[in-house]
Every structure is written in structure tokens, then in C-alpha cells.
Amino acid sequence: MELILSLGIGILVASGTWLVMRPRSFQVIVGLCLLSYGVNLFIFSMGRLRTAAAPILPKSGEIDPTAFTDPIPQALVLTAIVISFATTALFLVVLLASRGFTGTDHVDGKERQ
Amino acid sequence: MLIGLFCATYSLWGASRLTPALMLDNASVIFALIWVVGAACAVGAAWQAKYHRFAALILLGGAGLVTVVTFVWFSAPDLAVTQLLVEIVTTVLLLLGLRWLPKRREEISGDALLRSRIRRRVDLVIALCCGGGIALISYIVMTMAPGNLASDWFLEHAYAEGGGTNVVNVILVDFRGFDTFGEIAVLAIVGLTVFALLRRFRPAMESNEMTEQQRWQNAYDDAQDGRERGDTVRDYLLVPGVIMQWMFPVIMVLAAQLFFRGHDLPGGGFAAGVALAIAFLLQYLAADVTWIEDRLRILPVRWIGFGLLVAVGTGMGSWMFGYPFMTTYSQYVRVPLIGDVPAASALIFDLGVFATVVGAVVLMLIAIAHQSLRWSRARSAAEEKEDE
């Protein structure tokens, strides 16, 4: 399980990094989305992988912390998901506006000579 | 694509035949197959993003869905719900952006030059190093024994002091409420920035023209007797449109459900906010923008303002009782017919989160969607001037 997920994270990050280094704005946006999946899963996996141990407590009785998965990485990633949507939107609009000004979707604002 | 499809079918087909005794061994096989699909989607998106933007977008969604499945698998229901909803709005957002990008032909001058080839090779090596490195780090950390005392404290005190059984939500709105307040402030600022940038947006001249599909539709309507321009657009996807309009109250109820159960069960202000934003968005997709805005006036900026004020107000409320900023209080209130409902002051804070998320998401998406409308108005005004 750990091996599969770490390979998956690696592939997401590799594809994202490759796309972020491309010259066209749309490639960079897709790359940032892939990178955000990879990074979110990475932070999430820092809490170790547990199946059937969702951090939903019983309403009565002693609470045994070892019976639940780590809630802190989950809380961090939850806000990161919403924020990454916001940054994607901002980035898309900045790139569309820059294309309007410069007439090209190259990230440098001009086609390479 | 074919390999991904094959693996998906195989994993689903295998899942129905599993016996509980074999579950432990086969579980990792299924998980591996799911990630084969995920990896194929990620690499495919990287491959196609240059010339086939729509395909890349769909593949990106596939990678997102695999992420959702992973969250469910490793006991993170809150994350899965939020990721799934955010996935929908991200896809719609990028689809709205596609229209303003230039047409891309298969050949770009200088693309086959030695310099660009070398550059691509170098980039590939860098990307593979990054991916391999992060895979190695995450594998090492995941296989180490956990030793996190902070999360034990949160698990032990979430119900006793936060008054909620969903520890993730209690951390967000109670223990780390100030952080969450910062997050929604960021979200509000981004929403307003997008809005402000698009007010002065000048898209490239070549994107201002009608799209090819609009021209076909108009040509068809002109050629037929008894049809006016725009009839095809009005009839287009009529049945899904009606279903989308009827889904409006259903999604509202879903958002309310996610919001109220958030403190005890998976859900919460973030997920509920995105769900309500999707409800509004579906109305925009189902009908004409002008039709929908005659009937439904959403004022996203007020939603944002209301949300931030509620969040700050809840935080300052604790001053009145002599406690520090954002101290929360919780108890259960018995509501007739429904039963015990958690009524923590954190719930009011979550209401602020909810309203800010709705406002920011709707503001961004509607601002981008309005661009087409604005330019088609400008275009018809210019055409009328020419006719005179």
C-alpha cells in the first residue's frame, strides 16, 4: 500500500513539474493542479495510512487515540484543497489577462525567437 | 486511455468477486490498479496539455478522482467529500477559460529545433528527479512508526472541549479557528482580485469573434423556415437542462445537510459552501445567463462580506464573557422531531466559512462566465452600428 501510494505521488509530482516548466499557460495551469494533488496526498500520507479508522469519535466511553488515524494532516489538507482551487482561478485569470495584453499564451509574454 | 479503461474495468470486475477472506491480499491489488489509472491520467494530462486541452482537462479530472478514492480508502471522508466537490468547480472553471485561449496547431515554428529538444530532455530529467525524490521521501516516512503526540491530544480533547465528534472539523473551526479565519480571508481576497482583474479584462482580438459552433447554429437557424437566430441554443440539451433546474432544491438540501452534520460527521462549512456554489452554477449551465439573472440575483460580494463578519463576530463574542479571541462554547439543543442538534458557537463560525466559500467560488466562476456575454453584447452593438 505504502509503496503504491508513494509511486502514485511521485508520478503526480513528476507530471506536474514537467508541465510547470512548459512554455504555454494552459500547460502550467494543468501542471499546478497535478502538483497540488501530489502535494496534498504527500501531506496527507504523513499521518500514516490507516484503513477503516476515520477520525469520527464515539459519543461515549473512553477514547483510545490509537484506534483513529491522525487528524492533523487531514485538517491541513482540507483547507489546502479549497485554497488550491482559489489559486488556480487566480492564475487562470492572470494568464487570460496577460494573453489579452500580449497577444500570446507564452508564459514570457512573447514567442521565443 | 485504453490501458486506463482496461485497468478500471478489471479492478471493478474483480471487486465484485472478492471473498472477505481474500480481501487483505486483493485489496492492495485493487489499490494498485486504481493507481495505474491515476498514473495513466496524470501522464496523459502532461502529454496532451499542449495540443489537446480538452482531453488534458478530462484526464486531470481522472487523476483527481483517483485522489478522492485514495482519501476514502485511507479513512479521510472529509477530504474525499471536499475534493470531489472542488473537482467539479475546478473543471467548470478551466472549461470556461478554454474559450479564451488561442487555437493551437500541431506544428509550432522552432518546436523541432535542437535547442527546444535539449530543453525538453533536461526538463524531463528534472521532473523525474522531483517525482522520484518525493516518492522516496513519502515511502520512507510512511513506513516509519508514527510518533505524533499532538494528534493524540486533539483526539482526546475534541469531544470533551470542542463538543464535536468529527475531529477534523473540530480542529478547523475550534482549536485552529484563527488559521481557518486566515484561510477564508485569503479566499475572499482571491475572489475579489479575480473580479477586479476581469472588470478590465481585454481578451485577445482573435477570441472576440463568434465561436465556430455559434456560427453553425446561426447558419442553421437562418436556413430553416420559421426559426429565429438562437432557437437551436434554446433547444440544446433541453432535458438535462430541466433536470438541472429541478436539482436546485435537492443540492440546497444536500448543502444544508453537509453543513449541519459537519461538527459530528464528515461535512462542514467548506464542503457545504462548495456544494451550494455548484447548485448556483448548475442553474447558470442549465439556462441562459440573462434568464437566470432575471430570476435569481446572487450577490457574491455580500456573501463574502457577511461570511467574514460572522466569523470575526463569533471570535469577538468570546470577549464579552472574558475569554480570549475565538474561544468557543458548545452544547446540544433538543429540536422537536429532529432530536439533539449540536449548537456550538463554532457552528456560527462555520456559517461564516460557508458563506465566504459560497461567495468567493460563485464570484470567480460568474465573473469568468460573464466575459462571453459581455463580448457578445459588444459584438452585436458593433454590428448594429455597421448596419446603420
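Just so it is clear, the model here is predicted, and its values are computed rather than measured.

Colleague: Just checking my understanding: could you explain the domain arrangement of chain B for this structure?
Modeller: The extent of an interface is frequently quoted as the accessible surface area lost upon association of the parts. Residue and element names in this part refer to chain B. By the assigned domains, chain B splits into domain 1 (1–147) and domain 2 (165–388). Listed by partner, the interface residues are 15 residues for domain 1 and 25 residues for domain 2. Taken together, both faces of the contact between domain 1 and domain 2 bury some 1700 Å²; the carbon and sulfur share is 75%. Per-residue buried area on domain 1 facing domain 2 is highest for Asp 78, Arg 99 and Trp 100; these three make up 40% of the total on that side. For the pair domain 1 and domain 2, the interface holds zero salt bridges. Our count for the domain 1 to domain 2 interface comes out at two residue pairs in polar contact (both at pLDDT 80 or more). Class assignment for the residues of the side of domain 1 that touches domain 2 results in 11 nonpolar, one polar and three charged.

Colleague: Is there a simple way to think about the packing of aromatic side chains in this case?
Modeller: Each aromatic ring pair is characterised by the separation of its centres together with the angle its planes make. Considering all chains together, one arrives at 10 aromatic pairs over all chains under this definition. For the pair Phe 44 of chain A and Phe 71 of chain B, a centre-to-centre distance of 5.1 Å together with 90° between the ring planes defines the contact as edge-to-face. Separated into two different chains, Phe 44 of chain A in helix α2 (residues 25–45) and Phe 71 of chain B in helix α3 (residues 53–73) make up a pair that spans both. Per residue, the accessibility class of Phe 44 of chain A equals that of Phe 71 of chain B, and both read buried. Ring centres of Phe 154 of chain B and Phe 175 of chain B lie 5.3 Å apart, and the angle between their planes is 50°; on these two criteria the pair is classed as tilted. Taken together, the positions of Phe 154 of chain B in helix α6 (residues 149–162) and Phe 175 of chain B in helix α7 (residues 167–175) put the pair 21 residues apart, joining distant regions of the chain. The ring of Trp 18 of chain A carries the charged tip of Arg 22 of chain A above its face, separated from the ring centre by 4.1 Å.

Colleague: What exactly am I supposed to notice about the environment of Leu 155 of chain B here?
Modeller: Along the chain, Leu 155 of chain B falls in helix α6. Spatially, the C-alpha atoms of Leu 155 of chain B and Trp 73 of chain B are 20 Å apart, while their sequence positions differ by 82 residues. Dropping the residues within four chain positions of it, Leu 155 of chain B is found in contact with Pro 55, Leu 57, Ile 63, Pro 65, Phe 68, Thr 69 and Pro 71 of chain A together with Val 167 of chain B.

Colleague: Even after reading the chapter, I still don't get the interface of chain B and chain A, so can you show me in this structure?
Modeller: On the side of chain A, 76 residues touch chain B, which itself brings 101 residues to the contact. Here chain B packs against chain A, burying approximately 8200 Å² in sum over the two surfaces, 78% of which is carbon and sulfur. Broken down residue by residue, the surface that chain B buries against chain A is led by Phe 74, Met 142 and Leu 155 of chain B, which jointly contribute 9%. The tally of links from chain B across to chain A stands at nine residue pairs in polar contact (both at pLDDT 80 or more). Secondary-structure elements contributing two or more residues to the side of chain B that touches chain A are α2 (23–48), α3, α4 (77–98), α5 (114–143), α6, α7, α8 (177–199) and α15 (345–387) of chain B. Broken down by element, the side of chain B that touches chain A gets its largest block of residues, 17 residues, from α5 of chain B. A per-class count over the side of chain B that touches chain A returns 67 nonpolar, 19 polar and 15 charged.

Definitions and limits used
Residues numbered from 1 in each chain as written. Chains lettered and ligands numbered in written order. Predicted model: local features only at pLDDT ≥ 70, side-chain atom pairs only at ≥ 80, totals over all residues. Heavy atoms only, no water. Domains from an automatic or database assignment. Contact = heavy atoms within 4.5 Å. Buried area = accessible area lost by both parts, 1.4 Å probe. Salt bridge = Lys/Arg side-chain N within 4 Å of Asp/Glu carboxyl O. Polar contact = N/O pair within 3.5 Å; in protein donor to acceptor, adjacent residues only side chain to side chain. Nonpolar A, V, L, I, M, F, W, Y, C, P; charged D, E, K, R; others polar. Phe/Tyr/Trp six-rings, centres within 6.5 Å; stacked < 30°, edge-to-face > 60°. Helix = DSSP H or I, 4+ residues; strand = E, 2+ residues; numbered from the N terminus. Buried < 20%, exposed > 50% of the residue type's maximum accessible area, 1.4 Å probe, protein only. Lys NZ or Arg CZ within 6 Å of the ring centre and 35° of its normal.

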